[in-house]
Amino acid sequence: RRGYTREAYLTLVDKARKIIPGLAISSDFITGFCGETDAEHRDTIDLMRAVQFDQAFMFAYSLREKTHAARRMEDDVPKDVKKERLQHVIE
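Anyway, here's the lowdown on the structure attached to this text. Predicted model only: the values in this text are computed from it and were never measured.

The next point concerns the environment of Gln52. Mapped onto the elements of the fold, Gln52 is located in the loop between α2 (38–51) and β2 (55–60). Take Gln52: its relative accessible area is 54%, and that puts it in the exposed class. Linking Gln52 and Val13, residues 39 residues apart in sequence, is a C-alpha distance of 10 Å.

So, in structure tokens, the structure goes:
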């Protein structure tokens, strides 16, 4: 549901860092979201390495009532996979 691509995001980060030296960038990461594949998880890790975030809030996905995901998606990533992926993100 994001309105931008990975390439557009990386370009934006690069431009921002050139304009503002020492810029700190943070983000939130949720591992094991509904339907997340191993390839998508690897893409997340690769993005984190490319951007070198200064701060990140990292969580394993858990169902929240009254959200789009709860109403329309299946929580199909096993808990143990979510935990393993979260550990990769933290490292």
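On to the pairing of β2. With 6 bridges joining them, strand β1 (residues 26–31) and β2 adopt parallel strand pairing. Among the inter-strand pairings, Ser26 is bridged to a residue of β2, identified as Gln55. The parallel pair β1 and β2, bridged by α2, forms a crossover whose chirality is right-handed.

The next point concerns the packing of aromatic side chains. Applying the stated criterion across every chain, the model contains 3 aromatic pairs. A centroid spacing of 5.2 Å and a plane angle of 75 degrees characterise the contact between Phe29 and Phe53, whose relative ring orientation is edge-to-face. Residue Phe29 is located in strand β1, and its partner Phe53 is located in the loop between α2 and β2; the two are separated by 24 residues in the primary sequence. Taken individually, Phe29 and Phe53 each receive the classification buried, so the pair is uniform in this respect. Ring centres 5.0 Å apart and planes at 80 degrees place the aromatic pair Phe33 and Tyr61 in the edge-to-face group.

Cut-offs applied
The numbers attached to residues start from 1 for each chain and follow its sequence in the written order. Thresholds applied to this predicted model are a pLDDT of at least 70 for local features of residues and 80 or more for the giving and counting of side-chain atom pairs; totals over whole chains, interfaces and linings are not thresholded and use all residues. The basis for every side-chain value is the complete set of non-hydrogen atoms in the structure, without hydrogens or water. Think of it this way: any DSSP run of H or I at least four residues long counts as a helix, any run of E at least two long counts as a strand, and we number them from the N terminus. Partly exposed describes any residue whose relative accessible area lies between the buried limit of under 20% and the exposed limit of over 50%, with all areas from a 1.4 Å probe on protein chains only and scaled to the type maximum. Pairing between strands requires that DSSP locate at least two bridges from one strand to the other. Think of it like this: strands point away, you trace from the first strand over the helix to the second, and a clockwise trace means the crossover is right-handed. Aromatic rings from Phe, Tyr and Trp, with only the six-membered ring used for Trp, were paired whenever their centres fell within 6.5 Å, and each pair was classed as stacked if the ring planes differed by under 30 degrees, edge-to-face if by over 60, and tilted otherwise.

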